[in-house]
Amino acid sequence: MEQVRKQDLREVMVQALIRAVDEGRNLVVVVSDSASTSQIGPFQSRFPERLVNVGIAEQNLMGVAAGLSLGGYTAVTANAAPFATSRANEQLKNDICYSRTNVKVMGLNAGVAYGPLASTHHAIDDVSILRGLGNILIFAPSDPVEADSIFRYSIDYDGPVYVRMDSVTFPFLHAPSYHFQPGKVDILREGEDLAIFSMGSVTWEASSAGEELGRLGIRAEIVNVPSIRPADPEGIFRSALKTGRVLTVEEHSVHGGLGSLVSEVLAERGAGVRVSRLGIPEGEFSKAGPRSAIRAYYGIDKDGILRKALEVLGRTA
Amino acid sequence: MPLTLSIIYDILSFDMKANEISKVARENPFDASADEIRNRAKEIRKKIVWMNSHAGQGHTGADLSETDILAALFFSVLKYRRDSPQDPDRDRFILSKGHGVGGLYCTLAEAGLLEESLLQTYLQFDSRLPGHPVRQKTPFIEVNTGALGHGLSVGVGLALSAKKSGRDFRVFVLLGDGELQEGSNWEAAMSAAHFKLDNLVAIVDRNTLQLADRTETIMALEPLDRKWDSFGFDVKEADGNDPAAFIDTVGSLDPACGKPHVIIAHTIKGKGVSFIEDRAAWHHKIPVGDQVREAIEELE
C-alpha cells in the first residue's frame, strides 16, 4: 500500500515565515508562551530578535502585535485558536480588525484538535466569531501545499488575516503547482450527483468519502472552501446548481461556519437546493475525547460523510 | 500644497516608508512656552464647550480634564512634522481613554492639524470626527480606541518596534484612571517592564472620577503609585492641569533608565468651568442654553 505523504501545517507555517524574512519581509512573530504550540523553534533559532513572547497574556498579545505592525512590521501571532479568538476577542476586533492593522492571526489547533482537553480548548466557533468582525480575511488550509500558498498570500497582503490552523499532519491533496486563490473555491473532484463542501481540516475526510462514493458509482463533487472571506458565492452556487444536492462538512459549529455560508449564498440566490450540514450542532459544546472519536460522533469523518451522502441521495450503504 | 490637503494626501497614500530611517532629528513644531500653552489650553477648552454643545453630546468632563496634558504634548513635548502624520519617526500619542476624543479633536484643530470647520461635524452621521478615535478618519490618531484597556498594549508594541528597528521615537499613552480597572492594562504593564521600554510614557489622567462616582468608591485604585512601581515602572507624579509642571516632569524622565515611565497626572475632571468641575454627572453631559455662555465667560 502506498505510503500517504503528510506534513504538519505548523512546519509549513514556520518555513514560510523564515522564507518571508529571507526574502526581505520585515516580519515579527508574537507568541503567548505558545512557542511549543506553534513549533516556532526553527524560526526562533534563525531570527531570535524577531520573536516576541508576551507570556500567558492573550489580550496583550493582540495589542502588542497591532502596535508592532503600526511601527512598520508585519506581525504574525501564533497561539491556540480558542484563546486568540475568544480571550482576546476585543483586541482582535478593535486593535486588529477595526484599526485594520497588518497582523496575521494564526489560530492554532482549531476545531477539536485538542480532543480530550475539552471545550475550554476547542475552537468550534472561531470562523463564526471572525465572520462577525469586519476587515479581516479568513482562510482555512486543507493541506500543506495550500497552507504554503495561503501563508505566502497572507504575508504579502497588507491587512488583517486569520488562518485556521491545526496540530496534526495533513495528507497532500494538491499538486506542488497548485495556487490558492482568495475568493475562489477549489474543486478537488468533479461530479454531478451531489456537492460536498468542506473546510480545512476535514477536507481530507470529504475527499476520501468522495473516492468511496465513486466506487459505489456515485459522482460527488468535492468542493474545498479554503477562502471563507472573501467567499466565492458564484463558485458555491455553480456546484450546488450543477448537482442539486448539497452537503457541508466542517469541524466547527454548523452555526456561523461553512454550513452557514453555503446556506446563505444559496438562499440569497434562490437556488432552491436543499442543504444538509455536518458539524457540531447549533447550541452545543463539542464532546471531549480522542479526536477521531469526536469526528466519528458528529459524522464528520470519512464514514460519517459517506453515510450522510447516501442518506441525502436516498440510498443505503 | 495647503497643509490640510497634504495631510489628507498623506493619509490616503498611506505611505509608511517602513524601512527608511530618517536622519533628520524630529522636533516639536511649536516648542511653545508654558504661557503659550496655557493660552492654547484656554482656546481648546472654548472649542470643547462650543463643539459639544453644538453636537448635542460629548464627554465634556473627560475632555476638559485632559486638556492641559494634550496641550503640553502637542505644543511642546511630542516631536512630529505637521505636514506628515504618517512620518515613521514621529513620536506616537495614543488616547487610550478614547471617550476623551473631543478634547483631542479640539487640540488637533488648535494646532492646525485638523480643519477647524470639521469640529461642526463632530458626532454627525459618517463624520470624520466620530465619538471615539478612528485612525482611518483623522490624522495623528494611531489606533481605534474607545473600549478601555487597549491603548497601553498597542503602545508597548509600538515602543518595542522602535527598539527593534533602531528608531528614536517615543510613545505616549494617555490612560483614564477608571480605565485602570481593566486587567489588560496590567498585562501590558508587565510586558513594558519586561521589555525595558524606556521609550514608553504612560500618563494617567488621575481626576479620581469615573462614569458614575469616585474611583475609590467604585473600585479602589490606590495605592496607585505603588502598583506601577511594583510592576517595574519609573513612577512620577505631576499636576496635570499645570502645563509647566507637566512638561518639567516629562523633561525629568531618564530616557535610558531601562524602565517604562508613568506620570500620574493629578487633574480635575471638567477643569476650567466651575459648574462642571469635579462632578461625576458631567462625564457624558454637555452645557446647554445659558450654560454655554457662562462656561465661555469663565474660560475667558
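No experiment lies behind these values; they were computed from the predicted model shown.

### As for the overall build of chain B
No. 1: Summing up its helical and strand segments, chain B has 10 helices and five strands in all.
No. 2: Relative to its length of 300 residues, chain B is compact, with a C-alpha radius of gyration of 18 Å against a globular reference of 19 Å.
No. 3: With the C-alpha coordinates aligned to their principal axes, the bounding extent of chain B is approximately 55 × 50 × 35 Å.

### Overview of the overall build of chain A
No. 1: Across its full length, chain A carries 12 helices and 14 strands.
No. 2: Seen along its three principal axes, the alpha-carbon backbone of chain A occupies a region of about 60 × 45 × 35 Å.
No. 3: Among the 317 residues that make up chain A, the fraction classed as buried is 57%.
No. 4: Of all intrachain contacts in chain A linking residues separated by at least 6 positions in sequence, the fraction that spans at least 24 positions is 77%.

### Examining the sheet that holds strand S7 (residues 161-164) of chain A
Residue and element names in this part refer to chain A.
No. 1: Read across the open sheet, the seven strands follow the order S3-S2-S4-S5-S7-S6-S12; overall the sheet is mixed. Each end of this open sheet is capped by a strand with a single partner; those strands are strand S3 (51-53) and strand S12 (227-229). For this sheet, the mean inter-axis angle between neighbouring strands, taken without regard to orientation, is 20 degrees.
No. 2: Summarising the sheet, strand S5 (residues 103-108) and S7 pair through four bridges and their orientation is parallel. Note that in S7 the partner of Met106 across the bridge is Val163.
No. 3: Running over the sheet, helix H1 (residues 9-22) touches strand S2 (27-31), strand S4 (74-80) and S5 and is turned about 145 degrees from S2.

### Considering the domain arrangement of chain A
All names here are of chain A.
No. 1: You can read the domains of chain A as domain 1 (6-171) and domain 2 (186-312).
No. 2: Each of domain 1 and domain 2 has a C-alpha centre, and the two are 25 Å apart.
No. 3: Looking at the side of domain 1 that touches domain 2, the elements that each hand over two or more residues are helix H6 (126-131), strand S6 (137-139), helix H7 (144-156) and strand S8 (169-171).
No. 4: Classifying every residue of the side of domain 1 that touches domain 2 by side-chain character gives 14 nonpolar, six polar and five charged.

### A few points about the interface of chain A and chain B
No. 1: Between chain A and chain B, the contact holds 24 residues from the first and 26 residues from the second.
No. 2: Examining the composition of the side of chain A that touches chain B, we find that nine residues originate from one element, helix H3 (residues 58-70) of chain A, more than from any other.
No. 3: Class assignment of the residues belonging to the side of chain A that touches chain B gives a composition of 10 nonpolar, 10 polar and four charged.

### Concerning the environment of Ile94(B)
Residue and element names in this part refer to chain B.
No. 1: With respect to the helices, strands and loops of the structure, Ile94 is situated in strand S1 (residues 92-95).
No. 2: Taking C-alpha positions, Ile94 is 8.4 Å from Thr145, a pair spaced 51 residues apart along the chain.
No. 3: If sequence neighbours within four positions are ignored, Ile94 has contacts with Glu142, Val143, Gly151, Val154, Gly155, Val171 and Val173.

### Examining the sheet that holds strand S9 (residues 186-189) of chain A
Residue and element names in this part refer to chain A.
No. 1: Spatial strand order, S9-S11-S10-S13-S14: five strands in an open sheet with mixed pairing. Each edge of the open sheet is held by one strand with a lone partner, namely S9 and strand S14 (274-280). Strand after strand, the sheet turns through a mean of 25 degrees between neighbouring axes, direction not considered.
No. 2: Where strand S10 (residues 194-198) and strand S13 (residues 245-253) come together, four bridges link them in parallel fashion. Among the inter-strand pairings, Phe197 is bridged to a residue of S13, identified as Thr248.

### Structural notes on the nonpolar core
No. 1: Counting residues in hydrophobic clusters, the biggest one holds 179 residues, and the most contacted among them are Val29(A), Val30(A), Ile196(A), Tyr105(B) and Ile203(B).
No. 2: For this core, the element with the most residues is helix H3 (residues 60-77) of chain B, which contributes nine residues.
No. 3: Non-local contacts of Tyr105(B), meaning those with residues more than four positions away in its chain, are made with Leu114(B), Leu119(B), Tyr122(B) and Leu129(B).

What counts, and where the lines are drawn
- Residues numbered from 1 in each chain as written.
- Chains lettered and ligands numbered in written order.
- Predicted model: local features only at pLDDT ≥ 70, side-chain atom pairs only at ≥ 80, totals over all residues.
- Helix = DSSP H or I, 4+ residues; strand = E, 2+ residues; numbered from the N terminus.
- Rg over C-alpha atoms; globule rule 2.2 N^0.38 Å.
- Buried ≥ 20, exposed ≤ 12 C-beta atoms within 10 Å, placed from the backbone.
- Contact = placed C-beta atoms within 7 Å.
- Pairing = 2+ DSSP bridges.
- Axes fitted to C-alpha atoms, helices over the stretch in contact; angles between N-to-C directions.
- Domains from an automatic or database assignment.
- Nonpolar A, V, L, I, M, F, W, Y, C, P; charged D, E, K, R; others polar.
- Core = buried A, V, L, I, M, F, W, Y, C linked by C-beta atoms within 7 Å.

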